[in-house]
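Understanding the architecture of this molecule
Residues per chain are reported as follows:
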Amino acid sequence: MSIKQINVRGARQHNLKNINVDIPRDKFTVITGLSGSGKSSLAFDTIYAEGQRRYVESLSAYARQFLDQLEKPDVDSIEGLSPAISIEQKTVSRSPRSTVGTVTEIYDYLRLLFSSIGQPHCHGCGTPITRQSVEQIIARIMELDEGERVMILAPVVRGRKGEFKKDLEKFHRDGFVRARVDGEIRQLDEAIELDKRKNHTIEVVVDRLLIKEGVNERLTASVSTALKLTGGAVLVSVIDGNEMLFSST
């Protein structure tokens, strides 16, 4: 059963006179009144303070030792209250892209939460994305029809701005011959001029091979090289066919 309101009973914090109030949840509620009427005492010193106190008490004993002890506000009971945040009413120098999440730093916790418990899915087909070993990647590639021609690509830059001259030169010095730059195969020994104000995608061509019996050893070496270049990603492009992106992290 969902909780629809916050029930405050017997609030006596500061200048509050034993008041009772019901505040609807999932609504934008404004507390108004004359100066000294108890607006801040109700919103911050009672409701917010109790939400913070309950949150701290939910932490482990080890975590609580690093936090200040919060006193219970002078109130008989508050029901339907979740952990709370407050935003100070002051002018701050923030980016135009700032949100409530970034200003209050909740975004940092949400990012950590989703990275820990979230299950990523392919935006195209909806299939869950899972970490795979080199052996699993090789097995999936070898499921392709015999005779298929594939390119093993290392997606080193994906949708980032820059010229990437030094990166391209380094790949050439490391022995790579080609790269797919913004969808076009380019020779790494030629001058590749990129607009630093636009996003670019660079995929180093690690190998081009034919799916056939006995190719496993070469395929394993190429996939391992691509994973090392990118820190855990390899793109397999079937010539005149589909592409498969794998991750080992």
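Below or above, wherever it landed, is the structure these notes cover. Everything quoted here is computed from the prediction, not taken from an experiment.

Parameters and conventions
Residues numbered from 1 in each chain as written. Predicted model: local features only at pLDDT ≥ 70, side-chain atom pairs only at ≥ 80, totals over all residues. Heavy atoms only, no water. Helix = DSSP H or I, 4+ residues; strand = E, 2+ residues; numbered from the N terminus. Buried < 20%, exposed > 50% of the residue type's maximum accessible area, 1.4 Å probe, protein only. Areas by Shrake-Rupley, 256 points an atom, 1.4 Å probe, with all protein chains shown as cover. Lys, Arg positive; Asp, Glu negative; His and termini not counted. Charge placed at Lys NZ, Arg CZ, Asp CG, Glu CD. Core = buried A, V, L, I, M, F, W, Y, C linked by side-chain atoms within 4.5 Å. Contact = heavy atoms within 4.5 Å. Pairing = 2+ DSSP bridges. Axes fitted to C-alpha atoms, helices over the stretch in contact; angles between N-to-C directions. Salt bridge = Lys/Arg side-chain N within 4 Å of Asp/Glu carboxyl O. Patch = residues over 30% accessible without salt bridge, like charges linked within 9 Å, V, L, I, M, F, W, Y side chains within 5 Å.

The next point concerns the overall build of the protein chain. Along its length, the protein chain carries seven helices and nine strands. When the backbone C-alpha atoms are referred to their principal axes, the protein chain occupies close to 85 × 40 × 35 Å. Counting the 249 residues in the protein chain, one finds 29% classified as buried. Element-wise, carbon and sulfur atoms account for 49% of the exposed surface of the protein chain, whose accessible area totals about 17,400 Å². Within the protein chain, the 34 negative side-chain charges are centred at a point lying 5 Å from the centre of the 35 positive side-chain charges.

A few words now on the nonpolar core. Among the nonpolar cores identified, the biggest contains 33 residues, and I141, V150, I152, I202, V223 and V234 are the most heavily contacted of them. Where this core is concerned, the elements lending two or more residues are helix 5 (134–141), strand 4 (149–161), helix 6 (165–173), strand 5 (178–181), strand 7 (199–210), helix 7 (216–230), strand 8 (233–238) and strand 9 (243–247). Residue contributions to this core peak at five residues, all from strand 4. Setting aside residues no more than four positions away along its own chain, V234 makes contact with I137, I152, L153, P155, V223, A226, L227, M244, L245 and F246. The next biggest cluster of nonpolar side chains, apart from the first, holds ten residues, and it includes V8, I23, L42 and L81.

Pairing is antiparallel across the open sheet formed by three strands, whose spatial order is 2-1-3. With one partner strand each, in any of the chains shown, strand 2 (19–24) and strand 3 (77–79) form the two edges of the open sheet. In this sheet, adjacent strand axes meet at a mean angle of 5° when their direction is disregarded. In this structure, strand 1 (residues 5–11) lies alongside strand 2, joined through five bridges in antiparallel fashion. Bridge pairing in strand 2 places Q5 opposite P24.

Enumeration over the complete set of coordinates arrives at 15 salt bridges. A salt bridge links D74 to R12, with the nearest nitrogen and oxygen atoms 3.2 Å apart. Of this pair, D74 sits in the loop between helix 2 (61–64) and strand 3 while R12 sits in the loop between strand 1 and strand 2, and the two are 62 residues apart along the sequence. Here R180 makes a salt bridge to E203, at a shortest N to O gap of 2.6 Å. Here the residue R180 occupies a position in strand 5, and E203 occupies one in strand 7, the gap between them amounting to 23 residues. Several salt bridges converge on common partners, so that one network encompasses E50, R53, R54 and E57.

As a further point, take a nonpolar patch on the surface. There is a patch of nonpolar side chains on the surface, built from L110, L113, F114 and I117 and spanning about 410 Å² of accessible area. Along the polypeptide, L113 turns up in helix 4 (residues 106–117). On the basis of relative accessibility, which here comes to 40%, the residue L113 falls in the partly exposed class.

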